[in-house]
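# Observations on chain architecture
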Amino acid sequence: QVQLVESGGGLVQAGGSLRLSCAASGSIFSINAMGWYRQAPGKRRELVAGITTGGNTNYADSVKGRFTISRDNAKNTVYLQMNNLKSEDTAVYYCKVDVSSVMGYWGKGTLVTVSS
C-alpha cells in the first residue's frame, strides 16, 4: 500500500558527510510526521530526527548541530543531511512516515558505516 525507499547510505570516513533520502510512494492520502531512526549493533532503535508537516524539527542530543532533517511535501520525501560523521554514528538508519495517528510505515533501512 505504502512503500518507503531509502537511499544514500554507505561507507564514509570520520568527519565526512552523507545525505539520506526516503521517498514514500503508493496509496498516500496525506503524510503527517516523518523521521529517521537508527539502530546500532547491540543497541535499541532510537529516534535520530523528526520533522512535522509544518517543518518543526527535533533531534537526538547526540546529533544536534551535525545532522539536519528536511522534507519535500510535494515529493513525499524526507532527507537527513549528516555532517561531521563519527564512528558512533554507524548504524542501520530507518525512515518512518506517519500517515495518520494510528498508521505508520517503516523503511527497510540503509546501512551507514563510519570508519575511523
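For the structure, see preceding data.
Residues numbered from 1 in each chain as written. Predicted model: local features only at pLDDT ≥ 70, side-chain atom pairs only at ≥ 80, totals over all residues. Heavy atoms only, no water.

A few words now on the sheet that holds strand β8 (residues 77-82). Judged by pairing direction, the sheet is antiparallel, and its four strands sit side by side in the order β1-β3-β8-β7 without closing on themselves. With one partner strand each, in any of the chains shown, β1 (2-7) and β7 (67-72) form the two edges of the open sheet. Across the sheet, the mean angle from the axis of one strand to that of its neighbour is 15 degrees, orientation sign disregarded. Relative to β8, β7 is paired through six bridges, and the arrangement is antiparallel. By the bridge assignment, F67 is partnered in β8 with M82. (Pairing = 2+ DSSP bridges. Helix = DSSP H or I, 4+ residues; strand = E, 2+ residues; numbered from the N terminus. Axes fitted to C-alpha atoms, helices over the stretch in contact; angles between N-to-C directions.)

Residues apart from glycine generally show negative phi values, whereas peptide bonds are mostly found in trans. Despite not being glycine, N76 has its phi angle at roughly 50 degrees, a positive value. Along the chain, N76 falls in the loop between β7 and β8. Among the residues examined, N76 registers a relative accessible area of 23% and is labelled partly exposed. Of note, the phi angle at N84 is positive, near 50 degrees, even though the residue is not glycine. Secondary-structure assignment places N84 in the loop between β8 and β9 (91-98). Under the relative-accessibility criterion, N84 is labelled partly exposed at 39%. (Buried < 20%, exposed > 50% of the residue type's maximum accessible area, 1.4 Å probe, protein only.)

Here we come to the state of the cysteines. Tallied over the entire structure, the rule returns one disulfide. Linked covalently through their sulfurs, C22 and C95 form a disulfide whose S-S length is 2.1 Å. Its S-S torsion of approximately -80 degrees makes the covalent link between C22 and C95 left-handed. Here C22 is found in strand β3 (residues 18-26), whereas its partner C95 is found in strand β9, with 73 residues between them in sequence. Accessibility classification places C22 together with C95 in one group, the buried group. (Disulfide = S-S within 2.5 Å.)

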